[in-house]
Amino acid sequence: MDKLIITGGRAISGEVRISGSKNSGLPILAATLLADAPLHICNLPHLNDITTMLALLRCMGVGVTIDEKMCVEVDPTSINDFTAPYDLVKTMRASILVLGPILARHGVANVSFPGGCAIGSRPVDIHLRGLEAMGAEIEVDEGYIRAKSKGRLKGAHIFMDTVTVGGTENLLMAASLADGKTILENAAREPEIVDLCNFLVAMGANIEGIGSDTLTVYGVEKLNGCTYSVMPDRIETGTFLTAAAAARGRVMLKDTDQHMLEAVLLKLEEAGAHISTGPDWIELDMKGNRPKAVSLKTAPYPAFPTDMQAQFTAMNAVAEGTGTVIETIFENRLIQIHELNRMGANIKLEGNTAIVTGVEQLKAAPVMASDLRASASLVIAGLVADGQTVVDRIYHIDRGYECIEEKLQLLGANIRRVPS
Ligand code: UD1
């Protein structure tokens, strides 16, 4: 297992290109299973989770060809197996996203039941109830979700009682090939859902209400091939901005989009950052100042994203003042605070609330990543800590950040990867 070794205290300043979005690339790759012809997906990030999704498509018989720019040609017409096996699903919960598309296109799907993970129990009941409302028969047998439908799925009126990104995506994909009209109420509105809708429309789907919490899908009989470029990664964008803010630095991010992270930019401004933006770039400059602690509460888009909570907790750990961080999406997503406290942070945990009182200086320590965004927070802490921080279990970070150490090196960080 590789480790990252970070010597903190270096000035952070420079320019970085933002990669394509992981959380958009995954559902888009799953949605290719709906088509009757080959498709080209571009701007995919080179990440373990994307590789796992491509492996999943391949193991079902789907043709996958990748060029050197991570433009992927997917030929779903050669599919010959409708199973997402345990070995792949256990490494990536987002494998559940193939359930809706395979079932809608082929009338049968077997997907290993995804378990919980470090950040919480993460059920998929809303995915399954929605598919049942569309006429699917579903049973769970030997750890597998076995779903089938007689003929096409049927359009349905579905109210989701929790806002779920993956649930909305699965049902949206299934509805696009269903017979008749589906209304998805209380749908997630994350930019990645909009990207998936735009992709489905490019394949020939008929969707109204894109970007709102009520999606109306008029099912079509078939979906076609197309070429599509995945949106920029808003969480990678937010992570680099927050790292620069914590380090009192300056960063220029290219190939990104300010509109998809307004809540994050507002909080960074509240922390004292000077932010300027253009059509495809964002610049943050702390002008050498220490950030001010900010309070925040995570909630579904357009509110503050849970995927940025850990990074802001790390920034607050070195900020001036006290900030309260409330996590409302996942029950166990404040676990990184124990590692931050080992680096000298002053964070108290009360239920789902972290009360973070900034300290002048964190101290380096060996720390262990527990999940993807928690590992990003430890890297941020390492960048500003005094001494050499060793971040272990960085396979988590490789699931979501393309070339993290190369990009941070470009900004002047002293960071390197060592095999353990
Ligand atoms: C996606 C993102 C993840 C992000 C999360 C919330 C991907 C690949 N991952 O995860 O990075 O942190 O959205 O923005 O896009 N829930 C249920 N029943 C369900 C489904 C979800 O109760 O059937 C609950 C979950 O336990 C959680 C909440 O709904 O408390 C939100 O989860 P959800 O939006 O589904 O997260 P994911 O799609 O798994």
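Criteria and thresholds
- Residues numbered from 1 in each chain as written.
- Predicted model: local features only at pLDDT ≥ 70, side-chain atom pairs only at ≥ 80, totals over all residues.
- Heavy atoms only, no water.
- Helix = DSSP H or I, 4+ residues; strand = E, 2+ residues; numbered from the N terminus.
- Rg over C-alpha atoms; globule rule 2.2 N^0.38 Å.
- Buried < 20%, exposed > 50% of the residue type's maximum accessible area, 1.4 Å probe, protein only.
- Areas by Shrake-Rupley, 256 points an atom, 1.4 Å probe, with all protein chains shown as cover.
- Lys, Arg positive; Asp, Glu negative; His and termini not counted.
- Charge placed at Lys NZ, Arg CZ, Asp CG, Glu CD.
- Pairing = 2+ DSSP bridges.
- Near = heavy atom within 4 Å.
- Polar contact = N/O pair within 3.5 Å; in protein donor to acceptor, adjacent residues only side chain to side chain.
- Core = buried A, V, L, I, M, F, W, Y, C linked by side-chain atoms within 4.5 Å.
- Contact = heavy atoms within 4.5 Å.
- Salt bridge = Lys/Arg side-chain N within 4 Å of Asp/Glu carboxyl O.
- Disulfide = S-S within 2.5 Å.

Undergrad: If you had to explain the overall build of the chain to someone new, which residues and values would you point to?
TA: Helix and strand content of the chain: 14 helices and 24 strands. For the chain, whose C-alpha radius of gyration is 21 Å, the value lies close to the compact-globule estimate of 22 Å for 420 residues. With the C-alpha coordinates aligned to their principal axes, the bounding extent of the chain is approximately 65 × 45 × 40 Å. In the chain, which comprises 420 residues, the proportion classed as buried is 56%. Of the roughly 15800 Å² of accessible surface on the chain, a fraction of 50% belongs to carbon and sulfur atoms. Of note, the chain has its 38 positive side-chain charges centred 4 Å away from the centre of its 50 negative side-chain charges.

Undergrad: Hey, could you go over the sheet that holds strand β21 (residues 353-357) for me, with residue numbers and the actual values?
TA: One open sheet accounts for four strands, arranged β18-β19-β21-β20; its pairing is mixed. Looking at strand neighbours, the two that pair on one side only are β18 (296-297) and β20 (346-350), the edges of this open sheet. Where β18 meets strand β19 (residues 322-326), two bridges bridge the pair, whose relative direction is parallel. Bridge pairing links leucine 296 to valine 325 in β19.

Undergrad: Any details on the site of the ligand? Residues and values, ideally.
TA: The immediate surroundings of the ligand are formed by 17 residues, with Asp125, Thr164, Val165, Asp307 and Ile329 found nearest. Asparagine 23 places a side-chain nitrogen or oxygen 3.1 Å from an oxygen atom of the ligand. At 3.4 Å, a side-chain N or O of arginine 333 approaches an oxygen atom of the ligand. Bound to the protein, the ligand loses 84% of the 750 Å² it would expose on its own. Secondary-structure elements contributing two or more residues to the shell around the ligand are α5 (125-133) and α6 (165-176). If you tally residues by element for the shell around the ligand, the top one is α5, at three residues.

Undergrad: Quick rundown of the side chain of threonine 256? Include the residues and the values.
TA: As for its position among the elements, threonine 256 is in the loop between β15 (250-254) and α9 (262-270). Taking the relative accessible area as the measure of exposure, threonine 256 reaches 3% and is therefore buried.

Undergrad: Any chance you could break down the nonpolar core for me, citing the residues and the numbers?
TA: The biggest cluster of nonpolar side chains holds 76 residues, and the ones touching the most others in it are Val98, Leu172 and Leu200. Among residues more than four places away in sequence, those in contact with valine 98 are Ala30, Leu33, Met53, Leu56, Met60, Ala84 and Val111. Within the second largest apolar cluster, 68 residues are counted, among which are Ile235, Leu241, Ala243 and Ala271.

Undergrad: Provide a residue-level description of the environment of leucine 29, including the pertinent values.
TA: Within the fold, leucine 29 resides in helix α1 (residues 22-31). What makes leucine 29 buried here is its relative accessible area of 0%. Separated by 167 residues in sequence, leucine 29 and leucine 196 place their C-alpha atoms 9.7 Å apart. Beyond its immediate sequence surroundings of up to four residues, leucine 29 is in contact with Ile41, Leu44, Ile50, Met53, Leu54, Leu57 and Val74.

Undergrad: Before we move on, could you go through the pattern of salt bridges and cite the residues and values that matter?
TA: One pass over the structure, following the stated rule, counts 21 salt bridges. The closest approach of N and O atoms between aspartate 161 and arginine 129, which form a salt bridge, is 3.6 Å. With aspartate 161 in the loop between β10 (157-159) and α6 and arginine 129 in helix α5, this residue pair connects regions lying 32 residues apart in the sequence. When its relative accessible area of 53% is taken as the criterion, aspartate 161 is described as exposed. Relative accessible area serves as the criterion here: at 43%, arginine 129 is assigned to the partly exposed category. Residue aspartate 141 is joined to arginine 146 by a salt bridge in which the shortest nitrogen-to-oxygen separation is 3.2 Å.

Undergrad: Go over the state of the cysteines, please, and point to the residues and values.
TA: Counting across every chain of the model gives one disulfide. In this model, cysteine 42 is linked to cysteine 71 through a disulfide, with the two sulfur atoms separated by 2.2 Å. When the S-S torsion is 100 degrees, as for the bridge of cysteine 42 with cysteine 71, the disulfide is right-handed. Note that cysteine 42 is positioned in strand β3 (residues 39-42) and cysteine 71 in the loop between β4 (63-66) and β5 (72-75), a separation of 29 residues in sequence. Cysteine 403 takes part in no disulfide bond, and the closest cysteine sulfur, belonging to cysteine 71, lies 17 Å away. On the basis of relative accessibility, which here comes to 41%, the residue cysteine 403 falls in the partly exposed class.

Undergrad: Got a sec to walk through the side chain of threonine 242? Specific residues and values, please.
TA: In this fold, threonine 242 is placed in helix α8 (residues 234-246). Relative accessible area serves as the criterion here: at 0%, threonine 242 is assigned to the buried category. Within polar-contact distance, the side chain of threonine 242 engages the backbone oxygen of glycine 238 at 2.6 Å. Discounting residues that sit within four places of it in the chain, threonine 242 has contacts with Leu268, Met308, Gln311, Phe312, Met315 and Ile380.

Spatial relationships are all this shows, so hold off on functional conclusions.
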